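# Reading the structure
Take a look at the letters that make up each chain.
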Amino acid sequence: AQRVTQPEKLLSVFKGAPVELKCNYSYSGSPELFWYVQYSRQRLQLLLRHISRESIKGFTADLNKGETSFHLKKPFAQEEDSAMYYCAPATWSYGGATNKLIFGTGTLLAVQP
Amino acid sequence: GAVVSQHPSRVICKSGTSVKIECRSLDFQATTMFWYRQFPKKSLMLMATSNEGSKATYEQGVEKDKFLINHASLTLSTLTVTSAHPEDSSFYICSAATSGYNEQFFGPGTRLTVL
């Protein structure tokens, strides 16, 4: 079965410190991986996807197929980064035109002033 | 662009009644819509995948007769919780996607409370 693991429920850092949110997945084939973010009282939204290799709000994530990891990183955390972060690989959906996402348990990032 | 709405945002109902939740893509055509359930301080659990004009595909352990899903148009999917019980109380979230694109756009969620 496809699985995604986010080992940390809570990650607390001080403003300006580096951040790394861990994500490991088990998947057969070539996955497409996403990071979604949910700020307080807002809906879930896409932060970044691995195939675009882009940096959004200073966050980057590299797919490491050898370690089956897709850790999210930011060199200098800001208070506005405080939110819930979900790692989500896309997995084939039977009969579907769009692959379904399997969400990790999420990591709450708290950036202290 | 890519806005998804849900209605209602909150609903309280009596045990044994049915509740319908709507999910709409406002500015794009959604070939696929997904329904999730989120328990307090827990992750999103995918309930079912809904493709326009066809029957929904339910995840293992989700009762299809309990959670009726209809995706009659490219902009609307509905989830009906039939004969609701207090254990059905939860936060229900929908998302929408366009064929061939794996990015999902999420609705704001619906808080269901069954008394």
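See the structure shown above.
Everything in this summary refers to the structure shown in the same document. Because the structure is predicted, anything quoted here is derived from the model rather than measured. (Residues numbered from 1 in each chain as written. Chains lettered and ligands numbered in written order. Predicted model: local features only at pLDDT ≥ 70, side-chain atom pairs only at ≥ 80, totals over all residues. Heavy atoms only, no water.)

Turning to the overall build of chain B, a few remarks are in order. The helix and strand inventory of chain B stands at 0 helices and 11 strands. The N-to-C order of helical and strand elements in chain B reads β-β-β-β-β-β-β-β-β-β-β. Computed over the C-alpha atoms, the radius of gyration of chain B is 13 Å, within 12% of the 13 Å expected from 2.2 N^0.38 for a compact globule of 115 residues. A principal-axis box enclosing the C-alpha atoms of chain B has dimensions of 40 × 25 × 25 Å. In chain B, which comprises 115 residues, the share counted as buried stands at 50%. For chain B, long-range pairs separated by at least 24 residues make up 55% of all intrachain contacts whose partners lie at least 6 apart in sequence. Computing the positive centroid from 11 side-chain charges and the negative centroid from 9, chain B places the two 8 Å apart. (Helix = DSSP H or I, 4+ residues; strand = E, 2+ residues; numbered from the N terminus. Rg over C-alpha atoms; globule rule 2.2 N^0.38 Å. Buried < 20%, exposed > 50% of the residue type's maximum accessible area, 1.4 Å probe, protein only. Contact = heavy atoms within 4.5 Å. Lys, Arg positive; Asp, Glu negative; His and termini not counted. Charge placed at Lys NZ, Arg CZ, Asp CG, Glu CD.)

Looking now at the environment of T82(B). All names here are of chain B. When you line up the elements, T82 lands in the loop between β8 (76–81) and β9 (90–97). For the pair T82 and S18, spaced 64 residues apart in the sequence, the C-alpha separation amounts to 4.4 Å. Among all residues touching T82, those that are not within four sequence positions of it are T17, S18, D65, K66 and L68.

Taken together, the contact pairs 22 residues of chain A with 26 residues of chain B. Contact between chain A and chain B buries roughly 1,800 Å² in total, counting both sides, with carbon and sulfur atoms accounting for 48%. Inspection of the chain A/chain B interface yields 2 salt bridges. Note that R49(A) is salt-bridged to E103(B), the shortest N-O span being 3.8 Å. The dominant element in the side of chain A that touches chain B, judged by the number of residues it contributes, is strand β5 (residues 32–38) of chain A, at 4 residues. (Buried area = accessible area lost by both parts, 1.4 Å probe. Salt bridge = Lys/Arg side-chain N within 4 Å of Asp/Glu carboxyl O.)

This part is about the environment of L46(B). Tracing the sequence through the fold places L46(B) in strand β5 (residues 44–51). Under the relative-accessibility criterion, L46(B) is labelled buried at 8%. Along the primary structure L46(B) and T78(B) are separated by 32 residues, whereas in three dimensions their C-alpha atoms are 15 Å apart. Ignoring any residue separated from it by four or fewer positions in sequence, one finds L46(B) in contact with K100(A), L101(A), F34(B), W35(B), Y36(B) and E59(B).

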